[in-house]
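Close look at the chain arrangement
Next come the chains, spelled out residue by residue.
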Amino acid sequence: MSDDGPAPDDVISSRISEIAEREGKRVQLCGWVYNSRSSGKLHFLEVRDGSGIIQCVVYQGEVAPEVFEGCHQLPQETAVVVRGRVRADPRSPLGYEVGVEDLEVVHRSAEYPISPKEHGVAFLMNHRHLWLRSVRPNAVLRVRAVVIDACREYMGREGFLLIDAPVLTPAACEGTTTLFETDYFGETAYLTQSGQLYMEAAAMAFGKVYCFGPTFRAEKSKTRRHLTEFWMIEPEMAYCDLAGNMEVAEGLVTHVVRRVLCECRCDLEALERDPAPLERAAEGQPFPRISYGEAIEILREEGSDLPWGSDLGGDDETLLSRRFDRPVLVHRYPAQVKAFYMKSDPEDRRLALCVDMIAPEGYGEIIGGGQREDDLQVLEARIAEHGLPPEAFAWYLDLRRYGSVPHAGFGMGIERVVAWLCGTRHVRETIPFPRTLQRLYP
Ligand code: 4AD
Ligand code: MG
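Residues numbered from 1 in each chain as written. Chains lettered and ligands numbered in written order. Predicted model: local features only at pLDDT ≥ 70, side-chain atom pairs only at ≥ 80, totals over all residues. Heavy atoms only, no water.

**Looking at the site of ligand 1**
- Around ligand 1, the surrounding shell holds 23 residues, and the nearest of these are Glu 174, Gln 196, Arg 217, Glu 234 and Glu 365.
- Note that a nitrogen atom of ligand 1 is positioned 3.5 Å from one of the backbone N or O atoms of Arg 225.
- A majority-of-atoms criterion places ligand 1 in the largest pocket.
- Contributions of two or more residues to the shell around ligand 1 are made by β12 (229-238), β18 (364-371) and β19 (407-413).
- Of all the elements, β18 adds the most residues to the shell around ligand 1, at five residues. (Near = heavy atom within 4 Å. Polar contact = N/O pair within 3.5 Å; in protein donor to acceptor, adjacent residues only side chain to side chain. 1 Å grid on protein atoms, 1.4 Å probe; cavity = no way out; pocket = protein on both sides within 12 Å on 5 of 7 lines; lining within 4 Å. Sits in = over half its atoms within 2 Å of the grid points. Helix = DSSP H or I, 4+ residues; strand = E, 2+ residues; numbered from the N terminus.)

Next comes the structure, spelled out in structure tokens:
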């Protein structure tokens with residue numbers, strides 16, 4: 001006997017995603033019954049294993065009588081181990097099916113609440129722990145995993161060091177109105193809104209860093225773009241200005257879109273997502289850059305009466321995105337609508353050196369960031385103006401005392417990006433267990 005692998009007719013444990021490599025071979029699949037029907041001497045079982053769905057055909061003449069009997073009326077989600085031979089089948093979406101030789105029922109499922117018929121979103125969200133098994137959530141969450149992996153890959157390749165930011169913090173980063181408060185042994189602590197301030201410290205230690213983790217906003221807004229818990233990737237760079245920051249943001253998004261187009265074709269198809277708009281973002285052509293002032297002009301042409309000085313709302317972003325066929329970078333918003341740490345534009349002090357990236361097709365802001373104030377006195381004044389407690393920011397001010405340099409960074413919301421890539425209207429579908437104003441269950 002040689003030891004170069006299994007003998008020709010041995011049963012190979014397989015996942016459905018690798019079934020094409022197993023044509024003609026005998027495999028063992030561990031999964032769940034997704035659907036089944038019977039006709040006389042045949043049972044057709046659609047079996048899923050988390051990597052795909054395949055039709056398994058049980059023919060009376062090819063299995064033991066008790067196995068054939070046992071396959072009659074198997075409830076949806078019954079756990080099964082199937083052994084059989086893979087054969088090409090041009091009629092199946094996968095191109096293959098399994099001729100069953102043996103089947104073991106591991107657990108006969110109780111009546112499953114999610115049937116292939118249409119259910120309302122509230123019902124599905126209440127059953128999110130089960131809904132995860134369906135085709136659509138499967139596809140979206142696979143795209144999410146690729147997005148996250150692509151972000152890490154890009155950051156690593158570009159020389160950024162991963163630095164984890166704390167979740168429990170003594171102070172606000174993005175303003176005090178959306179803080180989740182908790183008791184910290186008699187002191188007040190807050191769930192982090194952003195790892196940015198800590199990344200600024202880390203950038204002075206390592207040059208180029210990023211964090212990736214959950215962030216929290218007690219958002220009272222019920223929009224399709226807001227979660228109370230969402231995941232953000234936040235690069236921060238020493239010796240970097242607004243222009244350099246925009247280049248990194250553009251490079252990151254282009255890389256993420258390319259990888260999703262390359263690795264998630266089947267998932268995008270399952271979601272009926274037209275890939276054409278994504279292909280434009282993946283071309284490698286620069287994304288348009290416009291100033292806030294130019295954005296206001298475009299909005300006026302589109303019929304909006306947003307006054308200069310107001311922040312862009314979700315509807316304004318949607319209106320704006322109609323003008324562009326790829327993500328657009330909007331820079332230099334009025335400082336008054338932005339956070340305390342933004343550096344002001346030396347050319348026009350009313351403006352902040354900040355940037356938002358707005359996704360096409362009305363998916364809204366996917367990135368927010370900018371150049372940070374690096375001058376001690378200006379920053380002290382800013383903290384006072386914003387009514388923030390100076391003690392909590394003492395360490396942050398230190399960064400402006402010891403070798404302060406121009407620096408910049410941004411945060412990209414993973415769920416917003418996944419919503420755009422998958423074409424899901426609401427961000428709640430893009431995170432395994434969403435937390436919103438009205439949802440903390442399951
Ligand atoms: O624009 P934001 O608030 O920026 C910051 O937090 C900066 N401190 C980041 C930085 O410079 N390091 O948030 C950044 C991104 C937004 O563009 C959006 O994609 C996402 O985070 N985001 C949300 N996603 C889902 N639900 C919410 N409530 C979100 N709030 C922000
Ligand atoms: Mg923002």
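**Description of the nonpolar core**
- Core analysis: the biggest nonpolar cluster contains 56 residues, and Val 147, Met 412, Trp 420 and Leu 421 have the highest contact counts within it.
- When sequence neighbours within four positions are dropped, the list of residues in contact with Leu 421 reads Val 143, Val 147, Val 256, Val 257, Val 260, Leu 268, Arg 273 and Leu 278.
- Judged by nonpolar contacts, the second largest core, of 33 residues, contains Leu 299, Phe 324, Val 330 and Ala 352. (Core = buried A, V, L, I, M, F, W, Y, C linked by side-chain atoms within 4.5 Å. Buried < 20%, exposed > 50% of the residue type's maximum accessible area, 1.4 Å probe, protein only. Contact = heavy atoms within 4.5 Å.)

**Observations regarding the layout of surface pockets**
- One number sums up the size of the largest pocket: a volume of about 1,200 Å³.
- Every residue lining the largest pocket is counted, 49 residues in all, and those nearest its centre are Glu 174, Arg 217, Glu 219, Glu 365 and Arg 416.
- For the lining of the largest pocket, the secondary structure elements donating two or more residues are β12, α10 (314-321), β17 (354-359), β18, β19 and α13 (414-422).
- Looking at the lining of the largest pocket element by element, the count peaks at five residues for β18.
- Of the residues that constitute the lining of the largest pocket, the class distribution is 18 nonpolar, 16 polar and 15 charged.
- Looking at the second largest pocket, its volume works out to about 810 Å³.
- Elements represented by at least two residues in the lining of the second largest pocket include exactly β3 (42-48), β4 (53-59), α4 (135-157) and α7 (265-270).
- A class-by-class count of the residues in the lining of the second largest pocket yields 15 nonpolar, eight polar and nine charged. (Points joined across faces, edges and corners; volume = space filled by probe spheres on them. Nonpolar A, V, L, I, M, F, W, Y, C, P; charged D, E, K, R; others polar.)

**Brief notes about the state of the cysteines**
- The full count for this structure, using the stated rule, is zero disulfides.
- Of all cysteine sulfurs in the structure, the one in Cys 56 sits closest to Cys 30, which takes part in no disulfide; the separation is 12 Å.
- Note on Cys 30: relative accessible area 46%, which makes it partly exposed.
- With no disulfide of its own, Cys 354 has Cys 173 as its nearest cysteine by sulfur position, at a separation of 14 Å. (Disulfide = S-S within 2.5 Å.)

**Quick look at empty space enclosed by the protein**
- Within the structure shown, the criterion is met by one cavity of 30 Å³ or more.
- Along the lines of polarity and charge, the residues of the lining of the largest cavity split into 10 nonpolar, four polar and no charged.

**Side note on the side chain of Arg 225**
- Here Arg 225 is to be found in the loop between β11 (208-216) and β12.
- At a separation of 3.4 Å, a polar atom in the side chain of Arg 225 contacts the side chain of Glu 317.
- Of note is the side chain of Arg 225, whose polar atom sits 2.7 Å from the backbone oxygen of Gly 362.
- Each residue touching Arg 225, except ones within four places of it in the same chain, is listed here: Gly 314, Glu 317, Thr 318, Gly 362, Tyr 363, Gly 364, Arg 416 and Val 427.

Without other data, these values stay purely geometric and don't point to any function.
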